[in-house]
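If you want the building blocks of each chain, they are given just below.
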4 protein chains.
Amino acid sequence: MTTSIEATRLGELLDRSAAAWASSADDDGFGLAAATLDGEVHGVGAWRRPFPIESISKVFALALAVARDGAAVWQRVGREASGDPFNSLMQLERDRGIPRNPFINAGAIVVTDLLLGMTGDACGAVRELVCRESGNDAIDFDPTVVATDAHGARNAAIAHLISSYGNLDASVDLVLEHYYRQCALKMSCRDLALAAAFLARQGVGRRGVHLLSRSDAKRVNAVMLTCGTYDAAGEFAYRVGLPGKSGVSGGLLAIVPGRCALCAWSPQLNAAGNSIAGIAALDAFTTLSGWSVF
Amino acid sequence: MTTSIEATRLGELLDRSAAAWASSADDDGFGLAAATLDGEVHGVGAWRRPFPIESISKVFALALAVARDGAAVWQRVGREASGDPFNSLMQLERDRGIPRNPFINAGAIVVTDLLLGMTGDACGAVRELVCRESGNDAIDFDPTVVATDAHGARNAAIAHLISSYGNLDASVDLVLEHYYRQCALKMSCRDLALAAAFLARQGVGRRGVHLLSRSDAKRVNAVMLTCGTYDAAGEFAYRVGLPGKSGVSGGLLAIVPGRCALCAWSPQLNAAGNSIAGIAALDAFTTLSGWSVF
Amino acid sequence: MTTSIEATRLGELLDRSAAAWASSADDDGFGLAAATLDGEVHGVGAWRRPFPIESISKVFALALAVARDGAAVWQRVGREASGDPFNSLMQLERDRGIPRNPFINAGAIVVTDLLLGMTGDACGAVRELVCRESGNDAIDFDPTVVATDAHGARNAAIAHLISSYGNLDASVDLVLEHYYRQCALKMSCRDLALAAAFLARQGVGRRGVHLLSRSDAKRVNAVMLTCGTYDAAGEFAYRVGLPGKSGVSGGLLAIVPGRCALCAWSPQLNAAGNSIAGIAALDAFTTLSGWSVF
Amino acid sequence: MTTSIEATRLGELLDRSAAAWASSADDDGFGLAAATLDGEVHGVGAWRRPFPIESISKVFALALAVARDGAAVWQRVGREASGDPFNSLMQLERDRGIPRNPFINAGAIVVTDLLLGMTGDACGAVRELVCRESGNDAIDFDPTVVATDAHGARNAAIAHLISSYGNLDASVDLVLEHYYRQCALKMSCRDLALAAAFLARQGVGRRGVHLLSRSDAKRVNAVMLTCGTYDAAGEFAYRVGLPGKSGVSGGLLAIVPGRCALCAWSPQLNAAGNSIAGIAALDAFTTLSGWSVF
C-alpha cells in the first residue's frame with residue numbers, strides 16, 4: 001500500500017517528521033531514529049545520545065520470556081489494557097495478584113520474576129539481547145539511575161501485594177533489584193531502533209536467527225499497541241496507529257510491522273507519562289508515510 | 001507482505017477458516033463472509049442469514065457521528081479501553097459521565113445522543129448507511145428484538161447517570177429508543193461485510209464517495225482494535241490482530257485495512273460476550289492468510 | 001450517670017447549646033428543639049419553622065417497615081456504613097443491587113419499595129406516623145419541593161440499577177414518586193423531635209402504643225449512629241456521640257436513648273452534606289449535658 | 001436505666017450469657033470475663049487462658065497515641081468505617097495514603113508509627129499499659145506468633161504504599177516489627193477486661209490516674225463502635241450495641257460505658273473475621289442486661 005510514499009527515502013521522512021514537530025527544536029532535546037529490516041539505521045537530532053530506557057526495557061524482557069515459554073507468561077499476566085493509571089493497586093487486588101498486562105509496573109515485575117527463574121539473571125539477559133541486536137557492546141546499566149523514594153515505595157507495595165497472592169517465585173528484594181537494573185540500561189534512539197527491529201521482522205533477529213516465532217512477534221506487537229503507553233494506549237493507537245512503548249525518561253519505541261522500527265526521544269512528558277515531542281514526531285511520521293497499521 | 005498467501009483466493013481462505021474451526025460445524029449455526037475493496041463478496045455457511053446486529057451497530061453510528069463532527073464526538077466520549085466489564089457504572093461515575101470509549105454501552109448511548117442532534121433520526125441514519133453500502137434496501141429493524149428487562153434497567157441506569165452529569169442533550173427515553181432500534185437492525189454476514197468495507201477502503205464508500213477521511217477511517221479502526229470486543233480487546237488483538245467489533249447475538253465484524261472486511265456469525269458466546277466460533281474462524285483466517293495488522 | 005447535669009433543666013441546656021454555637025446566630029437561620037420521654041417539648045430559635053425534612057424521612061420509613069417485617073427489610077438492605085459518598089453507584093454494582101444501608105439514597109429507595117408493598121401508600125404511611133406522634137395534623141407534603149435535575153437523574157440511575165438486579169417490586173417511577181414525596185414533608189424542629197421521641201422511649205409511641213419492639217428501637221438507633229450522617233457517620237459519632245440523621249435542607253435529628261429526642265436546623269451544610277450549625281449545637285449539647293451514649 | 005436488671009449480679013449475667021450461647025460449650029474453647037469500674041473481675045469458661053490479642057492491641061495503641069497528641073493522630077488517620085474488607089488497598093490508594101480509621105491494618109500501622117515517634121518503643125509502651133492496668137506483670141510477647149506469609153506480604157504492601165504517600169516517619173521494617181510484636185501479646189479474657197476498663201471509666205485508669213480525658217475516652221469508644229469489627233461494625237452495633245474490637249485469634253472486647261468492660265474469646269470466626277461465639281455471648285449479655293448504649 002501507499003507505494004508512492006514507500007519510495008521516499010527513510011532519512012527524508014525522519015527529517016520532515018522532526019521538522020513537523022517543531023522547526024526550532026533544540027537538537028539536544030530531541031532525537032529520532034529508524035532501523036530498517038535489513039539492519040540499516042537513520043537518524044536526526046540527538047539520535048546517538050544514550051538515556052535510561054526505563055519502561056522500554058519491558059518490551060525486551062517480555063520478548064525473552066515469551067520466547068522461552070509463552071504459555072507460562074500468559075498464565076501469570078493478562079493482556080488487557082488496565083483502565084487505571086499505570087501504577088494502580090486497585091486492579092491488582094481485584095484480580096488477586098494477576099496484573100492486567102506486562103507493560104504496567106505490576107506486570108513487568110512478574111515478567112522479571114519469570115525471567116529470573118528462566119535465566120538466573122534477568123537484567124543480564126536483557127542486556128545481552130540489546131547489545132547483540134544493536135551491535136553495541138558498550139550498552140550498560142547506569143548505577144546512578146535509581147527509583148525515586150516514592151516510586152520505590154510504591155513498586156515495593158506492588159511487589160509485596162503480588163507476592164501475597166503467590167504470584168512471585170523469587171524474593172521481592174531480588175525481583176525489584178533486577179527490575180530496576182533493566183530500567184537503568186542506557187541506550188540511544190539508534191540502539192533502541194536496532195535492538196527492537198526483530199519485532200518489525202516477524203521475530204527474526206539481526207543475524208537471521210528467530211528470536212521469536214512469527215506468531216509471537218505479532219502478539220508482542222499486539223500487546224504493545226493495546227497496552228504499551230499506559231492509560232493512553234487508545235489515544236496513541238488513534239493518533240499514531242503503531243505498536244509502541246514509552247519510558248518515563250522520554251523514550252518512545254514504535255514498530256512498523258514489515259518495514260522498520262522507530263525510536264523517538266524527548267524528555268518532556270504529558271500527563272499520561274508519554275513524551276510529548278515523541279508522540280508528535282511519530283504522529284507526523286505515520287501521516288507523512290501512510291505507514292499506520294490501520 | 002506474505003505474497004504467496006496473497007495469491008490464494010478469498011473464497012478458499014474462507015472455506016479453510018471455517019473448516020479450521022470445526023469440520024462438523026452446522027451450517028445453520030455459523031456463517032462467514034468477506035467483502036473486497038472492489039465490492040465483491042464471498043461467504044460460507046449461513047452467511048446470508050440475517051441476525052440482529054446488536055452492538056455492531058455502534059461502529060456505523062460512530063462513523064456517522066465522526067464524519068459529521070469528530071471533535072464533538074471526542075469531547076464527550078473517550079478512546080481508552082474500559083478495563084471493566086462492558087456495562088460497568090463505576091468508571092462512568094469516576095470519570096463524571098464521560099464514557100471510556102464509544103463501544104461500551106455508555107459510550108454508544110452518548111454517540112446516539114450526538115447523532116440524534118446531528119440528524120434528527122439516529123437509527124434512521126444508521127439504517128440508511130447500511131442499506132446503501134450493502135446494496136440491500138430490505139434491511140430493517142426487527143420489532144421483536146427488545147432489551148431483556150435486566151439489560152433494559154441497566155442501560156436506563158447508565159443513561160440517567162450520564163444525564164446527571166449533563167452529557168446527554170435529548171431525553172433519556174428518546175436516546176434509549178434510538179439506541180435499541182439500531183441494535184435491532186437485522187443483517188447477514190454478507191450485508192455487514194459489504195456495509196463495513198469502507199473501513200478497509202480508508203473511508204471510501206461503495207460508489208467512491210468519501211464517507212470518512214482517510215485519517216478518520218484509520219482512527220475508527222484503531223478504536224475498534226483497542227476497544228471493540230469489550231473487556232477482551234487485548235485478547236482479540238493478541239489472537240486475531242485485526243480491528244473488530246462483536247455483538248451479543250454472535251456477530252463479529254473485522255477489518256483488514258487495505259484488503260477486505262470480514263464478518264463471522266455464530267451464536268455461542270464466551271464469558272466476555274464474544275462469539276466463540278467467530279473468534280476461532282477469524283484467528284484461523286489471519287493465521288492462514290498472514291493478514292494481521294501486526 | 002452525670003446526675004448533677006441531669007438536674008439541669010432541658011430548656012436551659014438548649015439555650016446554652018445554641019449560644020455555644022454562635023451568640024450572634026440569627027434566629028431565622030437556626031432552630032433547636034428537644035422532646036422528652038413524657039411528651040414535653042422545648043425549643044430555641046426558629047424551632048417552630050417548618051422545612052422539608054428530606055432524608056430525615058428515611059428514619060420514619062425505616063421504622064414503619066421494620067415494625068411490619070424486620071426480616072424482610074434486612075434481606076434487601078445492609079446495615080454497614082457505605083465508605084463512599086452518599087449517592088455512589090459503585091457499591092451498589094459491587095454488591096449486586098443490595099444497598100449498604102437504609103440511609104443512603106439507594107437503601108431508602110428499597111425501603112420505600114418495601115413500604116409500598118406493605119401499605120399501598122408509602123408516603124401516606126410516613127405522613128400519618130409523623131402527624132400522630134407530633135400531634136400536628138397540619139404536616140403535609142410541599143408540592144414545590146422537587147429533586148433538582150441532576151439529583152433526579154442520579155436517583156433514577158440508582159433505582160434502575162437496583163431494579164436491574166431484581167431488588168424492586170414496584171415500578172421505578174412509582175417508587176421514586178413516593179420517595180420524593182416523603183422527602184417533601186414540611187416539619188419544624190418541634191414536630192421532628194416529638195415525632196421521633198419513640199426512638200428515645202425504646203419504641204413506645206406518644207400514647208403508650210409500642211410502635212417498635214424494644215430491640216428494634218435499639219437497632220434503628222444503632223443504624224442511625226453507624227450510617228445516619230452519610231460518609232461522616234464516624235465523625236458524627238466521634239464529636240456528638242448520639243444516633244443521628246441529617247437532611248440536605250439542614251435538619252439534624254438525634255436521639256438520646258432513655259432521655260429525649262433532639263432536632264436542630266440550620267441550612268448551611270458542610271462538605272459531607274450535614275448542617276454545620278446543627279452539628280456544632282449538638283456537640284455543645286452533649287458536652288454540656290454529658291449525654292453521649294459513650 | 002433498666003434498674004431491675006442492674007441489681008442482677010454480674011457473675012450470674014456472665015453464666016447466663018455463656019449458657020445462652022451453647023449449654024454444651026467446651027470450657028476450653030470459650031471464655032468470658034467482665035471487669036467492673038472498681039476493678040473487680042468475674043469470668044466463666046476459659047477466662048484465664050492467654051491467647052495472642054492480635055488486633056485488640058490496636059485499641060491500646062490508639063489510646064496511648066491519642067493521650068499524647070490526639071490532633072496528630074487524626075491528621076494522619078480517618079475515623080470512618082472502611083466499607084471494604086479489612087485489608088483493602090483500594091481505599092488507601094483513593095485517599096492517598098490516609099487510612100480510613102485506626103482499626104483497619106493500614107490505620108494501625110500508622111498509629112504504630114506515631115507511637116514509635118512519641119515513645120521510641122511502641123510495642124513496649126503497649127505492653128507497659130496492659131501490664132499495669134490488668135495488674136499482671138507476666139504479660140509478654142509470644143515469639144512464636146508471626147504473621148503468615150500471605151498476611152505478612154499484604155501488610156508489607158500496605159506499609160510501603162502508605163510510605164509512598166509520605167505517611168510513615170520510621171522505616172517500613174521497624175514499623176512492621178512493632179506492629180507485629182504488639183499483636184503477639186498474650187493475654188486472657190481476664191487481663192483484657194481489666195486492661196480496657198479505663199474506657200468504661202471515662203478514661204480513668206486502675207489507680208485513679210487519667211489515662212485519657214473524658215472526651216477522648218468517649219471518642220475512642222465511638223471509633224470502636226463505628227469501626228471496631230472490620231466490615232461488620234454495623235452488624236455488631238445492630239446486634240450487640242456496644243463499642244467493641246475483635247481479633248483474629250477469637251478475642252472480642254466490648255465496653256459498657258459507665259458500667260464495665262467485657263471480653264469474650266472463642267477461636268471460630270465468621271466470614272467477617274469476628275468470633276462467632278463471642279458475638280453470640282455479647283448479644284445474649286446485652287439482651288439479658290439491657291446494657292446496650294442505645
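All values derive from a computational prediction rather than experimental measurement.

Moving on to the interface of chain C and chain D. In this complex, chain C contributes 31 residues to the contact, which on the side of chain D involves 31 residues. Those elements that provide at least two residues to the side of chain C that touches chain D are helix H10 (214-227) and helix H11 (233-239) of chain C. Sorting elements by how many residues they give to the side of chain C that touches chain D places H10(C) first, with 8 residues. Considered class by class, the residues forming the side of chain C that touches chain D number 13 nonpolar, 10 polar and 8 charged.

Moving on to the nonpolar core. Residues A:Ala193, B:Ala193, C:Ala193 and D:Ala193 are the most contacted members of the largest nonpolar core, which totals 429 residues. Look past the residues within four positions of B:Ala193 in its chain and what remains in contact with it is B:Ala33, B:Ala34, B:Ala35, B:Val41, B:Ala261, B:Leu262 and B:Cys263.

Glancing now at the relation of the copies chain B and chain A. Once chain B has been moved 0.0 Å along the axis and rotated by 180°, it coincides with chain A to within an RMSD of 0.0 Å. Within this description, the copies of the chain are treated as partners about a two-fold rotation axis. Rotation axis and chain B: the residue whose C-alpha lies nearest the axis is B:Gly83, separated from it by 2.2 Å. Interface overlap between copies: 100% of the residues of chain B at the interface are likewise at the interface in chain A, consistent with a symmetric, same-surface contact.

All right, on to the relation of the copies chain C and chain D then. When chain C is fitted to chain D, the residual RMSD is 0.0 Å, and the transformation amounts to a turn of 180° plus an axial shift of 0.0 Å. When the interface residues of chain C are mapped onto chain D, 100% of them are again interface residues, pointing to one common binding face.

At B:Gln202, a residue that is not glycine, the phi angle is positive and equals roughly 55°. Among the secondary structure elements, B:Gln202 is positioned in the loop between helix H9 (189-196) and helix H10 (214-227). A positive phi angle, close to 50°, is found at D:Glu54, a residue other than glycine. Position of D:Glu54 among the secondary structure elements: in the loop between strand E3 (51-52) and helix H3 (57-76). Take D:Glu54: there are 19 C-beta atoms within 10 Å of it, and that puts it in the partly exposed class.

Attention now moves to the environment of B:Ala63. Residue and element names in this part refer to chain B. Note that Ala63 resides in helix H3 (residues 57-76). Residue Ala63 is classed as buried on the basis of its 22 C-beta neighbours within 10 Å. In sequence terms Ala63 and Arg96 are 33 residues apart; their C-alpha atoms lie 25 Å from each other. If we skip the residues at most four places from it in the chain, Ala63 touches Leu211, Leu212 and Val220.

What follows deals with the interface of chain B and chain A. Taken together, the contacts link 31 residues of chain B with 31 residues of chain A. For the side of chain B that touches chain A, the elements supplying multiple residues, two or more each, are H10 and helix H11 (233-239) of chain B. For the side of chain B that touches chain A, the element with the most residues is H10(B), which contributes 8 residues. Looking at the side of chain B that touches chain A residue by residue, the class counts come to 13 nonpolar, 10 polar and 8 charged.

Conventions adopted
Residues numbered from 1 in each chain as written. Chains lettered and ligands numbered in written order. Predicted model: local features only at pLDDT ≥ 70, side-chain atom pairs only at ≥ 80, totals over all residues. Contact = placed C-beta atoms within 7 Å. Helix = DSSP H or I, 4+ residues; strand = E, 2+ residues; numbered from the N terminus. Nonpolar A, V, L, I, M, F, W, Y, C, P; charged D, E, K, R; others polar. Core = buried A, V, L, I, M, F, W, Y, C linked by C-beta atoms within 7 Å. Buried ≥ 20, exposed ≤ 12 C-beta atoms within 10 Å, placed from the backbone. Least-squares fit on C-alpha atoms with pLDDT ≥ 70 in both.

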